[in-house]
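Chain and residue survey
Spelled out from the first residue to the last, the chains are:
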Amino acid sequence: MQVYVDGALRVALLGFTLPDDELRRVMTGDAMDATQTHTFAWAVVNGLRDAGCTVRLLSAAPVSNYPRNRRIRLRAGRFHQDGIDGQQLGFLNVLGIKHLSRFFSAWWHGVRSTRRDPVDVLLVHGVHTPFLWCGWALARRRRIPVVPILTDPPGVGRPGEGRALRLLRGLDVALVRAALRRCSGVIALTLPLAEHFAPGRPRLIMEGICTPPAEVGPRPQTRGRAREIIYAGGLSRSYGVDRLVEAFRGLSDPDLRLSVFGRGELEPWLCEQALVDPRIAPPALIDRARLGQRLAAASVLVNPRPVDQYFVPYSFPSKIIEYLAMGVPVVSTDLSGIPDDYRRYLVYPVTDTAEGLRAAIERVLDMPAGEAAALGAAGRDFVVQTRSRAVQGQRMRDFLGALDGGPTDGDATTRRSVTGRSPATADH
């Protein structure tokens with residue numbers, strides 16, 4: 001067993017952690033919004049650093065396949081941000097070739113990097129097949145633990161995919177499961193995610209990391225005339241954005257406003273809705289600092305994701321922590337992936353229908369100003385105190401430092417579980 005008490009635990013993170021400016025450059029015009037992936041990745045990095053670890057990055061641009069992103073060739077290069085050294089991986093952004101080129105790029109740079117500057121543990125962000133298998137091979141070569149960070153289940157497709165693509169996704173899921181059986185342990189957002197896709201592996205359940213913006217302070221106890229309801233995230237039916245719009249249009253107050261921030265399939269439809277109801281703003285994508293200011297000034301923040309989708313037990317919406325950190329009342333559907341200790345800080349609709357969302361939003365809007373402010377402040381204090389970078393970073397360091405040896409050949413027989421709640425609570 002490796003236990004690091006004195007001295008820094010040296011960590012390499014293979015994933016998608018790019019500098020802010022570079023991410024904006026490569027994502028310009030992309031059909032996908034990688035903000036949440038980017039934010040979570042840097043929270044992991046900074047949490048580990050706060051816990052005394054040194055971190056180096058091997059990172060690929062999180063771009064959609066061509067032609068959803070018009071860039072075909074992504075070039076390799078070195079970068080440095082906030083005291084972190086990183087290697088950007090080059091690859092060809094064409095379906096099929098993308099996986100192969102990412103694997104060989106990660107292997108080439110990973111071998112050179114770990115030979116020049118040895119590491120104690122290798123983290124892999126997500127269930128990206130080339131990175132999982134390259135991470136396993138690198139860790140086996142260096143005889144160090146390899147630990148994937150599971151944020152979503154593998155094989156989640158998009159609407160309208162053809163049979164051939166679905167078959168490829170099925171193959172990809174099988175390859176992911178085989179790789180996860182060989183890892184040294186996993187960090188997962190939910191317990192079902194770890195149990196179903198990495199059974200028998202040591203696990204740390206950690207649904208997110210709170211990084212509240214420093215400029216967000218206590219909310220005033222008075223409300224102006226105009227009140228804003230905000231959703232930030234993927235603009236798709238699978239996230240319930242259409243139900244939120246329907247719920248909002250049933251609210252009669254002419255001084256309410258609905259703003260949605262993000263990208264997705266519903267952008268054209270949302271623009272049409274803004275023409276029908278002037279209280280609805282057209283969808284927008286703004287930088288993180290401005291988004292934080294808008295979220296903190298809202299009257300209600302909403303997570304409308306439907307509860308009956310197959311991946312819900314495996315998922316914890318990262319926006320829940322981000323919303324609560326703003327000190328604003330939050331309405332969220334009652335998703336099974338949300339731990340029970342969040343319940344007192346969220347307002348749950350009776351159902352995840354438009355009618356249920358509308359009633360829950362009205363309940364918050366009808367609260368006296370002091371009650372709404374107290375609910376928001378309690379939620380902010382909860383995530384800041386129990387899901388902060390310092391707390392979650394130390395939990396990651398303790399978990400990684402106590403792992404036994406390197407990766408396995410696939411026959412996992414032991415299991416250790418550490419939950420994602422506050423340190424003193426039990427499994428959820």
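Residues numbered from 1 in each chain as written. Predicted model: local features only at pLDDT ≥ 70, side-chain atom pairs only at ≥ 80, totals over all residues. Heavy atoms only, no water.

**Remarks on the pairing of strand S8 (residues 146–150)**
- The element S8 is largely enclosed, with a buried count of five among its five residues.
- As defined by bridge partners, strand S7 (residues 121–125) adjoins S8 across four bridges and the pair is classed as parallel. From the neighbouring strand, Leu122 faces S8, where its bridge partner is Val146.
- Between the parallel pair S7 and S8, the chain is carried across by helix H4 (residues 129–142), and the sense of this crossover is right-handed.
- As paired strands, S8 and strand S9 (residues 186–188) are joined by two bridges and run parallel to one another. Looking at S9, one finds that Ile149 is bridged to Ile187. (Buried < 20%, exposed > 50% of the residue type's maximum accessible area, 1.4 Å probe, protein only. Helix = DSSP H or I, 4+ residues; strand = E, 2+ residues; numbered from the N terminus. Pairing = 2+ DSSP bridges. Right-handed = clockwise from strand over helix to strand, strands pointing away.)

**Looking at the pairing of strand S1 (residues 10–15)**
- Counting buried positions over the six residues of S1 gives five, a clear majority of the element.
- By the bridge criterion, six bridges tie S1 to strand S2 (residues 54–59) in an arrangement that is parallel. Along S2, the bridge assignment pairs Leu14 with Leu58.
- Here four bridges tie S1 to S7, and the two strands are oriented parallel to one another. Within the sheet, the bridge partner assigned to Val11 lies in S7 and is Val121.

**A few points about the environment of Ala174**
- Here Ala174 lies in helix H5 (residues 163–181).
- The class for Ala174 is partly exposed, based on a relative accessible area of 43%.
- Taking the C-alpha atoms as reference, Ala174 lies 9.8 Å from Thr129; in sequence the two are 45 residues apart.

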